[in-house]
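Residues per chain, in single letters:
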Amino acid sequence: MAEVTLAIPVFNSGAFLDDLFACILQLDPPPREVVFLDDASRDDSLARLQRFGASGACKAPVRVLSNERNLGIAGSYNRLAREARSEWVQLLDADDLIVERDFYRCVGDDLDGGNGLVIAALQSNANLLHIGAGIVSRFVPRRLPRWLPVLGSVATRAGVLYRREALSALPFPDPAYPGSDVVHLLQLRRTQRCAFVRRAHVRYRIHAAAQSGQARDYSLYRDALARFDLPTRLAHRFDLWLRQLAQRIIR
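Per-chain numbering applies: the sequence of each chain, read as written, is numbered from 1 onward. With the structure being a predicted model, the display of local features is reserved for residues of pLDDT at least 70 and the display and counting of side-chain atom pairs for 80 or more, all residues being used for whole-chain, interface and lining totals. Heavy atoms from the whole structure form the basis of all side-chain values; hydrogens and water molecules are not counted.

**Student:** It is not clear to me how the packing of aromatic side chains should be interpreted in this structure. Could you clarify?
**Tutor:** Aromatic ring pairs are described here by two measures, namely the spacing of the ring centres and the angle between the planes. By convention, a stacked pair of Phe, Tyr or Trp rings (six-membered ring in the case of Trp) has centres within 6.5 Å and planes under 30 degrees apart, an edge-to-face pair has planes over 60 apart, and any other such pair is tilted. Under the definition given, this model contains 8 aromatic pairs. Relative to Y104, the ring of F103 has its centre 5.2 Å away and its plane inclined at 85°; by these criteria the two rings are edge-to-face. Taken individually, F103 and Y104 each receive the classification buried, so the pair is uniform in this respect. Ring geometry for F238 and W241: centres 6.1 Å apart, planes at 20°, overall stacked. With a gap of 3 residues between them, F238 and W241 both fall in helix α10 (residues 230-250), about one helical turn apart. Given the relative accessible area of 46%, W241 is considered partly exposed. Aromatic rings pair up to connect F21, F36 and F52 into one cluster. For each residue, the accessible area found with a 1.4 Å probe, counting protein chains only, is set against the maximum for its type, and the residue is called buried under 20%, exposed over 50%, and partly exposed in between. A run of H or I in DSSP becomes a helix once it reaches four residues, and a run of E becomes a strand once it reaches two; helices and strands are each numbered from the N terminus.

Next comes the structure, spelled out in structure tokens:
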């Protein structure tokens, strides 16, 4: 089994759970463990997670946790990172899916290669994003330069595997803001070697409730970029402009 905790925050995610459960069950090899965290959902998500965990259908041990009050996405990510028992943590959003059955075999060499971060490629149900990411990812090197944008263009945050000790030392900024996941990853990339795995994919689904399908205020993100060097600032500002253009087309 891969030494990865597959950690999944859940909030009112009932519409996505059947697909998510099927995705987890097909993984071979499975992760070391699967940890769900229900963030005070108002639907039946927690009950369904508990039934899935109790069913024994999963090849990996399953833990189901719950927050007494809603912590938000960053708070849930940080709690999951603390709860993980494996060397590596993958924070998979409940509406995203791991594509390959042998996903953890695809990334296995890079997990053992002295990296602190391993990033899988992106697929999407949005044709423009799917095609664009597929084309651009062919030119992304396996060993990622620190300045190169990846999240939102060729990868999604759910496709990042974090070495747990690095994630514990640098939690996600809370409260989260649009682009805070990119800034967090850039901060980690300052000290952690990062690998991009083109043959492993996470499917990022755009739907009516998805934040990427809505207008977003990136002012805090632009302010945060000012802390980085000039190549990083320029590359990420241009990348943001491209992504906003694509979002307007998708909407």
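**Student:** Which parts of the structure should I look at to understand the nonpolar core?
**Tutor:** One broad rule of soluble globular proteins: the nonpolar side chains tend to lie buried together. Each nonpolar core is a collection of buried residues, namely Ala, Val, Leu, Ile, Met, Phe, Trp, Tyr and Cys, held together in the definition by side-chain atoms within 4.5 Å. Ranked by internal contacts, the top residues of the largest apolar core, which has 40 residues, are L91, I119, L144, Y162, L185 and Y221. Among the elements that line this core, the one with the most residues is helix α8 (residues 180-189), at 5 residues. We call two residues in contact whenever any of their non-hydrogen atoms come within 4.5 Å of each other. When neighbours within four sequence positions are excluded, L185 is seen to be in contact with L117, I119, V150, L151, V160 and Y162. By size, the runner-up hydrophobic cluster in this structure holds 34 residues, among which are A2, C23, W88 and A94.

**Student:** Can you help me understand the packing of helix α1 (residues 14-25) against helix α2 (residues 45-55) in this one?
**Tutor:** Any two packed helices are characterised by the angle at which their axes cross and by the distance between the axes. Each axis is a line fitted through C-alpha atoms, and for a helix only the stretch in contact is used; angles between axes span 0 to 180 degrees, taken between their N-to-C directions. Between α1 and α2, the shortest axis-to-axis distance is 10 Å and the interhelical angle comes to 20°. Taken together, the axes of α1 and α2 are roughly parallel relative to one another. Of the two elements, α1 crosses α2, and the hand of that crossing is right-handed. Taken together, the residues of α2 that come into contact with α1 (itself represented by G14, L17, D18, F21, I24 and L25) are S45, R48, L49 and F52. When describing relative orientation, an angle under 35 degrees is termed roughly parallel and one over 145 degrees roughly antiparallel, while 65 to 115 degrees is termed roughly perpendicular and anything else oblique. Two helices cross in a left-handed way if the nearer one is turned anticlockwise from the farther one by less than a right angle. They cross in a right-handed way if the turn is clockwise.

**Student:** Hey, could you run me through the pattern of salt bridges in this one?
**Tutor:** Any two side chains of opposite charge can pair, given that their charged atoms come close. Salt bridge criterion: a side-chain nitrogen from Lys or Arg within 4 Å of a carboxyl oxygen from Asp or Glu. Counted under the stated rule, the structure contains 11 salt bridges. The salt bridge involving E87 is made with R163; its shortest N-O contact spans 2.2 Å. Of this pair, E87 sits in the loop between α3 (72-83) and β4 (88-91) while R163 sits in strand β7 (residues 160-163), and the two are 76 residues apart along the sequence. The exposure class of E87 is partly exposed, given its relative accessible area of 39%.

**Student:** Teacher, can you tell me more about α3 here?
**Tutor:** The α-helix advances 3.6 residues per turn, and as a result positions three or four apart in sequence lie on the same side. Here a helix's expected span is defined as the number of its residues, less one, multiplied by 1.5 Å. When the terminal C-alpha atoms of α3 are compared, their 17 Å separation across 12 residues agrees well with the 16 Å that a helix rising 1.5 Å per residue should span. For α3, every residue scored as buried is listed here: A74, G75, S76, Y77, N78, R79, L80 and A81. For α3, the elements touching its buried residues are β1 (4-10), β2 (33-38), β3 (62-66), β4 and α7 (164-169).

**Student:** What should I look at first to understand a nonpolar patch on the surface in this one?
**Tutor:** Within this analysis, patches are made of residues with over 30% relative accessible area and no salt bridge. Like charges are joined at 9 Å or less; nonpolar side chains (Val, Leu, Ile, Met, Phe, Trp, Tyr) at 5 Å or less. Computed with a 1.4 Å probe, the accessible areas rest on the Shrake-Rupley method; for each residue, only the protein chains presented here act as cover. Together, L128, F238, W241, L242, L245 and I249 give the surface a local cluster of nonpolar side chains, amounting to about 590 Å² of exposed area. Looking at which element gives the most residues to the nonpolar patch, the answer is α10, with 5 residues. Locating L242 in the fold gives a position in helix α10.

**Student:** Looking at this structure, I do not really get the environment of A224. What am I missing?
**Tutor:** Relative to the elements of secondary structure, A224 occurs in helix α9 (residues 219-225). For A224, a relative accessible area of 3% gives the class buried. Expressed as a C-alpha distance, the spacing of A224 and V182, which sit 42 residues apart in the sequence, is 10.0 Å.

**Student:** Which parts of the structure should I look at to understand the pairing of β7?
**Tutor:** Regular strands have side chains that alternate between both faces of the sheet. Burial along β7 is two-sided: the face carrying V160 and Y162 and the face carrying L161 and R163 are both buried. Any two strands between which DSSP finds at least two bridges are classified as paired. Note that β4 and β7 share 3 bridges and pair antiparallel. Residue pairing across strands places W88 opposite R163, the latter belonging to β7.

**Student:** Just checking my understanding: could you explain the pairing of β1 for this structure?
**Tutor:** Counting buried positions along β1 gives 7 out of 7 residues, so the element sits mostly inside the fold. Neither face of β1 is exposed, since V4, L6, I8 and V10 on one face and T5, A7 and P9 on the opposite face are all buried. Note: β1 against β2, 6 bridges, orientation parallel. Residue pairing for β2: V10 is matched across the bridge by D38.

Just distances and angles here, no functional claims.
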